[in-house]
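# Structural description and commentary
Listed below are the residues making up each chain.
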Amino acid sequence: MADRFSQLTPTLESPATSAFAITPTANANAEFSNVTRGVYVGSTGNVTIKLSGDSSHVTFYNVPAGVTLAIRAIAISNTSTATDLVGLY
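Procedures and definitions
Residues numbered from 1 in each chain as written. Predicted model: local features only at pLDDT ≥ 70, side-chain atom pairs only at ≥ 80, totals over all residues. Heavy atoms only, no water. 1 Å grid on protein atoms, 1.4 Å probe; cavity = no way out; pocket = protein on both sides within 12 Å on 5 of 7 lines; lining within 4 Å. Points joined across faces, edges and corners; volume = space filled by probe spheres on them. Nonpolar A, V, L, I, M, F, W, Y, C, P; charged D, E, K, R; others polar. Pairing = 2+ DSSP bridges. Helix = DSSP H or I, 4+ residues; strand = E, 2+ residues; numbered from the N terminus. Axes fitted to C-alpha atoms, helices over the stretch in contact; angles between N-to-C directions.

What follows is about the layout of surface pockets. Over the atoms, a rolled probe matching the size of one water molecule traces out where space is still vacant. Computed from the structure, the largest pocket encloses a volume of approximately 280 Å³. Around the largest pocket, the lining residues are D3, F5, S6, L8, T9, P10, S14, P15, A16, T17, R37 and Y89. Among the residues making up the lining of the largest pocket, the classes are represented as six nonpolar, four polar and two charged.

A word on the sheet that holds strand β7 (residues 83-88). Spatially, the four strands line up as an open sheet ordered β1-β7-β2-β5, and their pairing is antiparallel. Of all the strands in the sheet, just β1 (19-21) and β5 (67-69) have a single pairing partner and so form its edges. Strand after strand, the sheet turns through a mean of 25° between neighbouring axes, direction not considered. Examined bridge by bridge, strand β2 (residues 38-43) and β7 share five bridges and lie antiparallel to one another. Residue pairing across strands places V39 opposite G87, the latter belonging to β7.

In structure tokens, the structure reads:
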């Protein structure tokens, strides 16, 4: 199929082109294979995330289902209560 945008250089404002299911983990050293452009939250809850520019986790409270957090995440803790998480990159 033709992709009229294939020759453009992607930026952080560009749509994601790949995704992966996120399984939260208790292992503080377990990081994603790719830094995200965003994290889609499928079911309402708290999301505890380690961002690419920080060594500690931060919690986003009461994130509604269907929201995409525009964040550069490298890990998500299993203390998160939100489910059906998808990393976009």
